[in-house]
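A closer look at the structure
So you can see what is in the structure, the chains are spelled out below.
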Amino acid sequence: MRKATKCRAAGAAAGVVNGLFGGGGGIPLVLLLRKWAGLEEKAAFATCVAIILPVCLVSAGVYFLRTAAQGSPPLSRRRAHRRAHRREAVQKCAEHVAQAHICALSALRGGEVPFMTQWLLPALCGLMTGILSAWGIGGGTLLLLCMTLFFGVEQRTAQAINLLYFLPTAGVSLFAHRKNGYLDAAALRAAIPTGIVCALLAALAATALDSAVLRRLFGLFLLYAGLSILFETPKTGSKKSP
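Notes on the structure follow. (Residues numbered from 1 in each chain as written. Predicted model: local features only at pLDDT ≥ 70, side-chain atom pairs only at ≥ 80, totals over all residues. Heavy atoms only, no water.)

Bringing the overall build of the protein into the picture now. Across its full length, the protein holds nine helices and zero strands. Listed N to C, the secondary structure of the protein is α-α-α-α-α-α-α-α-α in terms of helices and strands. Across the 242 residues of the protein, 36% fall into the buried class. Long-range pairs, those at least 24 residues apart, make up 76% of the contacts in the protein between residues at least 6 apart in sequence. Carbon and sulfur atoms provide 67% of the accessible area of the protein, an area that totals close to 14700 Å². (Helix = DSSP H or I, 4+ residues; strand = E, 2+ residues; numbered from the N terminus. Buried < 20%, exposed > 50% of the residue type's maximum accessible area, 1.4 Å probe, protein only. Contact = heavy atoms within 4.5 Å. Areas by Shrake-Rupley, 256 points an atom, 1.4 Å probe, with all protein chains shown as cover.)

The next subject is the packing of aromatic side chains. Applying the stated rule across the entire model yields three aromatic pairs. Consider the rings of Phe-21 and Phe-221, whose centres lie 5.5 Å apart with planes at 25°: the pair is stacked. You can see Phe-21 sitting in helix α1 (residues 3-21) and its partner Phe-221 sitting in helix α9 (residues 211-230), a full 200 residues away along the chain. On the basis of relative accessible area, Phe-21 is assigned to the buried category, the value being 6%. One aromatic cluster in this structure is built from Phe-21, Phe-218 and Phe-221. (Phe/Tyr/Trp six-rings, centres within 6.5 Å; stacked < 30°, edge-to-face > 60°.)

The next subject is helix α2 (residues 26-35). The element α2 is largely enclosed, with a buried count of eight among its ten residues. Taken residue by residue, α2 has Gly-26, Ile-27, Pro-28, Leu-29, Val-30, Leu-31, Leu-33 and Arg-34 as its buried positions.

This part is about the pattern of salt bridges. What the rule picks out here adds up to one salt bridge. One salt bridge connects Asp-184 with Lys-3, and the closest N-O pair in it is separated by 3.0 Å. One end of the pair, Asp-184, is in the loop between α7 (155-179) and α8 (185-208); the other, Lys-3, is in helix α1, and 181 residues separate them in sequence. (Salt bridge = Lys/Arg side-chain N within 4 Å of Asp/Glu carboxyl O.)

Each pair of packed helices can be summarised by the angle the axes make with each other and by the distance between the axes. α2 packs onto α1 with a crossing angle of 170° between their chain directions and a minimal axis gap of 8 Å. The orientation of α1 with respect to α2, classified from their angle, is roughly antiparallel. Residues Cys-7, Ala-10, Gly-11, Ala-13, Ala-14 and Val-17 of α1 touch α2, and the partners they reach there are Pro-28, Leu-29, Leu-32 and Leu-33. For the contact of α1 with α2, a count of residues per class yields nine nonpolar, one polar and no charged. (Axes fitted to C-alpha atoms, helices over the stretch in contact; angles between N-to-C directions. Parallel < 35°, antiparallel > 145°, perpendicular 65-115°, else oblique. Nonpolar A, V, L, I, M, F, W, Y, C, P; charged D, E, K, R; others polar.)

This part is about the nonpolar core. In globular proteins that are soluble, nonpolar side chains generally tend to be buried together. With 45 residues, the main nonpolar core has Cys-7, Leu-29, Leu-33 and Ile-52 as its most contacted residues. Those elements giving two or more residues to this core turn out to be α1, α2, α3 (41-71), α6 (139-150), α7, α8 and α9. If one sorts the elements of this core by residue count, α3 sits on top with eleven residues. Setting aside its immediate chain neighbours within four residues, Ile-52 contacts Ala-14, Asn-18, Gly-25, Gly-26, Leu-29 and Phe-166. (Core = buried A, V, L, I, M, F, W, Y, C linked by side-chain atoms within 4.5 Å.)

As a further point, take the packing of α1 against α8. Remark: α1 packs on α8, axes separated minimally by 6 Å, with the N-to-C direction vectors making an angle of 30°. It follows from the interaxial angle that α1 and α8 lie roughly parallel. When the axes of α1 and α8 are compared, the crossing they make is right-handed. Every residue of α8 that contacts α1 at Ala-4, Cys-7, Arg-8, Gly-11, Ala-12, Gly-15, Val-16, Gly-19 and Leu-20 is listed here: Ala-187, Ala-190, Ala-191, Thr-194, Gly-195, Cys-198, Ala-199, Ala-202, Ala-203 and Ala-206. A class-by-class count of the residues in the contact of α1 with α8 yields 13 nonpolar, five polar and one charged. (Left-handed = near helix turned anticlockwise from the far one by under 90°.)

Set out below in structure tokens:
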């Protein structure tokens, strides 16, 4: 099988995982690019970031367009909703300001302020997942787990947030990967089109599924990915060209 065909299959697998779960596409993509398509390790990680970036963009667009279409009110009621939304926004803003002052006063008096859960843990989670996302693997999976298990975010909402989070982190890291010459142009041309198509179809399916089903499927994917990485056979040696 040619390298281009293998890269197309790898891109399709990454698109399905990314569109269905809102992240995690880098795990099978890096493994397939390294073990199946024969890319060098650094090139596989860097190329993975470049492939996942447009895939995430398509998946995020589907998530938000479908959510907006399902939850948008009829045209005749939009003005009333806008006015009510403005009143609620002003009220919430006042409540947030008051709550911030109360928390600050409580902190000054030595009271208990949930600083760890509100600011520190999300900031540390964003830092670690940003580093992993720049490497091309594991960042989206970790962020999804943190949001759903520790921060109480609903599965589909966490997937949409994760897709948007990856866009700036991957975009910044691509400058360094391109400068260092790690991007494989042939693999990009082959994998990105199939990845985009599969991500589009998988994201449409994800927005139609129940959140509980997505959580179970995501758990099975994590189990498979963990076993694949755990029992991965290292390369004994690289072939030298004559």
